[in-house]
Amino acid sequence: MGKELFTPFFGAVACALTTFFCASGWAPQAIPITEKITLDGKLDEPDWQRAPVSADFIENMPREKQPARDRTEVRVLYDKDAIYFGVRGFDAAPSKIYAPFVRRENVLSTMADFIVWIDPTGAKKCAQFFRMNVRCVLAYGIWNEDNSDEDWSPDFGFEAAPARLADDWGAEFRIPRATLRLPHPTPKKLNFIVFRNQPSETRIRTTNVVLGREPACFLCVAEALTGLRDLPKTSGLTVTPYAAVNSSRTRIGEHSSSEAKFSAGADIKWRPSPEWALDATFRPDF
């Protein structure tokens, strides 16, 4: 084989092998948590270090179905209450990571962010998605496969935290099982996709699955997360209380006065079934 054919040939073979492994179920396996996880984006607890790593990300924009330029790692943990996703995105130019301050739920693909998509029922018809950018701005919603639409109206309770590191940035997601529309018993496999957006001179999008630039089917290529075992039934009622104190001071000439106001309430979520959730907010100052 001539030298002029050698490099393209093996480059094509490497790309084909990468695509094959990503499509052949090399998904991460979730492992149970043995000690407290602090959500700080650093992934430095022993449980994160021993968790299997999925790092075979594929670029689908602008280079369609090509090996990722920068490494991305995904790890998954779980306990009886939640599933934890740990993501690290290495970057050849970390000082240029685009990290604007934006309003809540305004996490767009034009900024550096991670997105976790979870199909809790396994039907591959809809998915809950959870986004976070480098500034810890959160966004969430539901993806409908039938009409390729994102619904931002649902209110999902989850926690996440980022960390800017030496040559990358990390993120930790804690997604309560009460937030996911999981049937009981919990399936041994959950379909999921992880997105990484890297805006630079152009927008770079990579995923842990082989996904084209404009795929006709999105969830049909989702990977199967395994390892979930012996999970108890999710409680049908979740109550999140809150309290706040507001103080103000008014000064007129030499006289001043102050006023403090205390308010409290609770967000209540009731799940009569895995497919339905009823939300209510209680505020005694109405």
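Reference entry: report on the structure contained in this document.

About the cut-offs
Residues numbered from 1 in each chain as written. Predicted model: local features only at pLDDT ≥ 70, side-chain atom pairs only at ≥ 80, totals over all residues. Heavy atoms only, no water. Core = buried A, V, L, I, M, F, W, Y, C linked by side-chain atoms within 4.5 Å. Buried < 20%, exposed > 50% of the residue type's maximum accessible area, 1.4 Å probe, protein only. Helix = DSSP H or I, 4+ residues; strand = E, 2+ residues; numbered from the N terminus. Contact = heavy atoms within 4.5 Å. Pairing = 2+ DSSP bridges. Salt bridge = Lys/Arg side-chain N within 4 Å of Asp/Glu carboxyl O. Phe/Tyr/Trp six-rings, centres within 6.5 Å; stacked < 30°, edge-to-face > 60°. Patch = residues over 30% accessible without salt bridge, like charges linked within 9 Å, V, L, I, M, F, W, Y side chains within 5 Å. Areas by Shrake-Rupley, 256 points an atom, 1.4 Å probe, with all protein chains shown as cover.

## Here's the deal with the nonpolar core
Point 1. One finds I83, F85, F130, F158, F173 and I175 to be the most contacted residues of the largest nonpolar core, which totals 34 residues.
Point 2. When residues of this core are traced back to their parent elements, those giving at least two are β4 (72–78), β5 (82–90), β6 (113–119), β7 (126–133), β8 (138–144), β11 (168–176) and β12 (190–199).
Point 3. Apart from the residues within four sequence positions on either side, I83 is in contact with V76, L77, Y78, F173, R174, I175, L180, L190 and L228.
Point 4. Ranked by size, the runner-up nonpolar core spans 12 residues in total, among them I115, W117, F129 and L211.

## Side note on the environment of G41
Point 1. Within the element layout of this structure, G41 appears in the loop between β1 (31–32) and α2 (46–50).
Point 2. Among the residues examined, G41 registers a relative accessible area of 0% and is labelled buried.
Point 3. Between the C-alpha atom of G41 and that of R164, which follows or precedes it by 123 residues, the distance is 8.2 Å.
Point 4. Not counting residues within four places of it along the chain, the set of residues in contact with G41 comprises A161, P162, A163, G170, A171 and E172.

## A look at unusual backbone geometry
Point 1. Of note, the bond from M61 into P62 is cis; its omega dihedral lies within 30 degrees of zero at 0°.
Point 2. Along the chain, P62 falls in the loop between β2 (58–61) and β3 (66–67).
Point 3. Phi is positive for C136, which is not a glycine, with a value near 65°.
Point 4. Inspection of the secondary structure assignment puts C136 in the loop between β7 and β8.
Point 5. Of note in this structure, S148 is not a glycine but carries a positive phi near 50°.
Point 6. Along the chain, S148 falls in the loop between β8 and β9 (149–151).

## Focus: the sheet that holds β11
Point 1. Reading across from one edge, β1-β4-β5-β11-β10 is the order of the five strands in this open sheet, with mixed pairing throughout. Single-partner strands in this sheet number two, and they are β1 and β10 (159–164).

## Some details on the pattern of salt bridges
Point 1. Taken as a whole, this structure holds 11 salt bridges when the rule is applied.
Point 2. Measuring nitrogen to oxygen at the nearest pair gives 2.7 Å for the salt bridge that ties R71 to E73.
Point 3. Looking at R71, the relative accessible area reads 43%, which means it is partly exposed.
Point 4. Owing to a relative accessible area of 9%, E73 belongs among the buried residues under this scheme.

## Some words on the packing of aromatic side chains
Point 1. Evaluated as defined, the whole model comprises 14 aromatic pairs.
Point 2. On the numbers, 5.9 Å between centres and 45° between planes, the contact of F130 with F156 is tilted. Remark: F156 occurs in the loop between β9 and β10 and F130 occurs in strand β7; sequence separation between them is 26 residues.
Point 3. Its relative accessible area of 0% is what places F130 among the buried residues.
Point 4. On the basis of relative accessibility, which here comes to 4%, the residue F156 falls in the buried class.
Point 5. On the numbers, 5.7 Å between centres and 75° between planes, the contact of F195 with F218 is edge-to-face. With F195 in strand β12 and F218 in the loop between β13 (203–207) and β14 (223–225), this pair connects stretches of sequence that are 23 residues apart.
Point 6. Judged by relative accessible area, F195 falls into the buried class, the value being 6%.

## Some remarks on a nonpolar patch on the surface
Point 1. A cluster of nonpolar side chains, contributed by L237, V239, I268, W270, L278 and F282, occupies part of the molecular surface with about 580 Å² of accessible area.
Point 2. Counting only elements with at least two residues in the nonpolar patch, the list comes to β15 (237–252), β16 (255–273) and β17 (276–282).
Point 3. Mapped onto the elements of the fold, W270 is located in strand β16.
Point 4. You can call W270 partly exposed: its relative accessible area is 44%.

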